[in-house]
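# Chains, contacts and geometry: an overview
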2 protein chains.
Amino acid sequence: MEKQQLVDFIRNHVSSSEENLKRITEEFEEVRFAKNDYFLTEGKVCNYYLFLEEGFMRSFTIDIEGNEVTTYFHSNNKVVFDVSSFFSKTPATENIQALTESVGYLISHEKLNLLFHSMPEFREFGRAMLVKEFSAFKQRTLALINKSAEERYSNLIQSNKEIFQYAQLRYIASFLGITDTSLSRIRKSFSEK
Amino acid sequence: MEKQQLVDFIRNHVSSSEENLKRITEEFEEVRFAKNDYFLTEGKVCNYYLFLEEGFMRSFTIDIEGNEVTTYFHSNNKVVFDVSSFFSKTPATENIQALTESVGYLISHEKLNLLFHSMPEFREFGRAMLVKEFSAFKQRTLALINKSAEERYSNLIQSNKEIFQYAQLRYIASFLGITDTSLSRIRKSFSEK
DNA sequence: ATCATTTCTTGCCATTTGACAAGTGACGTT
DNA sequence: AACGTCACTTGTCAAATGGCAAGAAATGAT
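Here goes a summary of the coordinates provided. (Residues numbered from 1 in each chain as written. Chains lettered and ligands numbered in written order. Predicted model: local features only at pLDDT ≥ 70, side-chain atom pairs only at ≥ 80, totals over all residues.)

Before going further, it helps to spend a moment on the interface of chain B and chain A. Every contact between the two is made by 22 residues of chain B and, on the other side, 22 residues of chain A. If you list the elements that add at least two residues to the side of chain B that touches chain A, you get α3 (83-88) and α5 (123-146) of chain B. Here the element with the most residues in the side of chain B that touches chain A is α5(B); it accounts for 13 residues. Of the residues contributing to the side of chain B that touches chain A, the split by class is ten nonpolar, eight polar and four charged. (Contact = placed C-beta atoms within 7 Å. Helix = DSSP H or I, 4+ residues; strand = E, 2+ residues; numbered from the N terminus. Nonpolar A, V, L, I, M, F, W, Y, C, P; charged D, E, K, R; others polar.)

What follows is the structure, encoded as structure tokens:
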């Protein structure tokens, strides 16, 4: 069936009737990205919410020195969007790029709001996504403070092995908060154990 | 007038009639904290949303090695709560402690929901708070990745001078992601310039 | 297959930060 | 005033990480 993953995902996060679930998911449109395509670029407003069915993406910003800093990796069966830009309708400070061919479903800010309006219980979904992303960020900030680079690497490879399958090491390095040189060394010392 | 700061704060974040503003703020109850009192302790559910009118607070968690890590400082005229715990009704992973005598206004999760229900435009307020906190966290994570400890210190003292007035240096150190020893050295080198 | 480009690794050295311990200073209690 | 406690500073040394440059490996274009 069409959009099955999306239906399942929403069902897991909100208690709506199957009929309402259908009404919700009907509003999403399929979208495809080639490898290296952008879902969002810095400076534009993120007007769409994306459910990534198949593929892998990364978010990144360019810092003052001109370096790319990866801020997040997005795997399939997750939602992808720039929280601040989407809700505040301000220009995005980050880019979201497909690292593999990807397939997903889009919904606009307007349509999402209409759904929130007509199905109050669906609001929970929006909030749940926000809270979830928030917690993830908090965890990451904490790890940056009190874990060594090696521990952060070790945790990442255990919890998100697929990242290493799809993302370049330099992207992973900036995500971990280290240089690619350091990551390379850490990987070496790991392989020697 | 009573709760003037709270009224102003909400007015700045949502377009409600003055009458509705009054209905909203009436539901908040005054609360006072002595220095070192806790608004929230780890393991308990954060059932209240606090608007801090006067005073200064910090959020912190205890990491695996048993060290306190300050995750946030809360100044007056801001809202204070644990996002994940409040919305997911799960045990808090952090403590929120008053660093000075404080006065604020509380509202329960239930009452807040009732207000959201009866005044749809007020929902925007809830979301705005979440988005704001989210952006702040993201900024901080980025700074931890691509700024030196010295730059982070310099930014903090420029943007949040009051933190240095109320918080102990070791709290500030863990917030900046460094040891109190390093902070001490950074401060020394700053004072020599 | 060849070549050019990009990514990754490695070596060398500098810098940043941490760990630990001793010392100083501030503060509150009695 | 004397004491104890806690916060902060400082010194010494070690460990972690970065900067740079050269080389190796992988990737993509022709």
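Around DNA strand D, the surrounding shell holds 16 residues, and the nearest of these are A:A149, A:I178, A:S182, B:L169 and B:S184. Contributing elements (two or more residues each) for the surface near DNA strand D: α6 (149-159) and α9 (180-191) of chain A together with α8 (169-176) and α9 (180-191) of chain B. Considering every element that reaches the surface near DNA strand D, the biggest residue donor is α9(B), with six residues. (Near = placed C-beta within 6 Å.)

Between the two copies of the chain lies a relationship made up of a rotation around an axis and a movement along it. Its rotation angle being 180°, the transformation that places chain B on chain A also includes 0.0 Å of axial translation and leaves an RMSD of 0.0 Å. What the superposition gives is, in effect, a two-fold axis relating one chain to the other. For chain B, the residue whose C-alpha comes nearest the rotation axis is B:T141, separated from it by 2.7 Å. Counting the interface residues of chain B, we find that 100% of their copies in chain A are interface residues as well, pointing to one common contact surface. (Least-squares fit on C-alpha atoms with pLDDT ≥ 70 in both.)

Attention shifts here to α8(B). The element α8(B) is largely enclosed, with a buried count of six among its eight residues. Where α8(B) is concerned, the buried positions are B:Y171, B:I172, B:A173, B:S174, B:F175 and B:L176. Contact partners of the buried residues in α8(B): α5 (123-146) of chain A together with β4 (57-62), β5 (68-74), α6 (149-159), α7 (161-166) and α9 of chain B. Of the residues flanking the end of α8(B), it is B:G177, one or two places downstream, whose phi is positive at about 85°. (Buried ≥ 20, exposed ≤ 12 C-beta atoms within 10 Å, placed from the backbone.)

Let us look at the protein's contact with DNA strand C. Near DNA strand C you find 16 residues, and of these A:Q168, A:S184, B:A149, B:I178 and B:S182 are the closest. Elements with a contribution of two residues or more to the surface near DNA strand C: α8 (169-176) and α9 of chain A together with α6 and α9 of chain B. Ranked by residue count, the leading element in the surface near DNA strand C is α9(A), at six residues. Of the residues contributing to the surface near DNA strand C, the split by class is three nonpolar, seven polar and six charged.

Let us now look at α5(A). With 24 residues, α5(A) ought to run about 34 Å at 1.5 Å a step, and its terminal C-alpha atoms sit 35 Å apart, in line with that. Within the sequence span of α5(A), burial applies to A:F125, A:L130, A:F134, A:K138, A:R140, A:T141 and A:I145. Along its buried surface, α5(A) packs onto α1 (4-13) and α3 (83-88) of chain A together with β5, α3, α5 and α8 of chain B. (Expected span 1.5 Å × (residues − 1).)

Residue and element names in this part refer to chain B. The sheet built from four strands is open, its strands ordered β1-β8-β3-β6 with antiparallel pairing. Of all the strands in the sheet, the pair left with one neighbour each is β1 (29-33) and β6 (78-80). Strand-to-strand, the axes of this sheet are offset by a mean angle of 35°, without reference to chain direction. The pairing of strand β3 (residues 48-54) with strand β8 (residues 102-108) spans six bridges and is antiparallel. Bridging from a neighbouring strand, F51 pairs with Y105 of β8. (Pairing = 2+ DSSP bridges. Axes fitted to C-alpha atoms, helices over the stretch in contact; angles between N-to-C directions.)

Attention shifts here to the packing of α6(A) against α9(A). Residue and element names in this part refer to chain A. Between α6 and α9, whose axes approach to 10 Å, the crossing angle comes to 70°. Comparing the axis directions of α6 and α9 gives the class roughly perpendicular. Seen from α6, the contacting residues are A149, E150 and Y153; seen from α9, they are S182, L183 and I186. Along the lines of polarity and charge, the residues of the contact of α6 with α9 split into four nonpolar, one polar and one charged. (Parallel < 35°, antiparallel > 145°, perpendicular 65-115°, else oblique.)

This next bit is on the pairing of β5(B). For β5(B), the tally of buried residues reaches six of seven residues, placing the bulk of the element in the interior. Between β4(B) and β5(B), which follow one another and run antiparallel, lie five residues, and B:G66 among them has a positive phi close to 90°.

Okay, the sheet that holds strand β1 (residues 29-33) of chain A next. Residues and elements named next belong to chain A. Pairing is antiparallel across the open sheet formed by four strands, whose spatial order is β1-β8-β3-β6. This sheet does not close on itself; its edge strands, each paired only once, are β1 and β6 (78-80). Each neighbouring strand pair of the sheet contributes to a mean axis angle of 35°, computed without reference to strand direction. Relative to β6, strand β3 (residues 48-54) runs antiparallel, the two sharing three bridges. Within β6, the position partnered with L50 by the bridge is V80. On top of the sheet, helix α4 (residues 109-118) reaches β3 and β8 (102-108); it is set at about 65° to β8, its chief contact.

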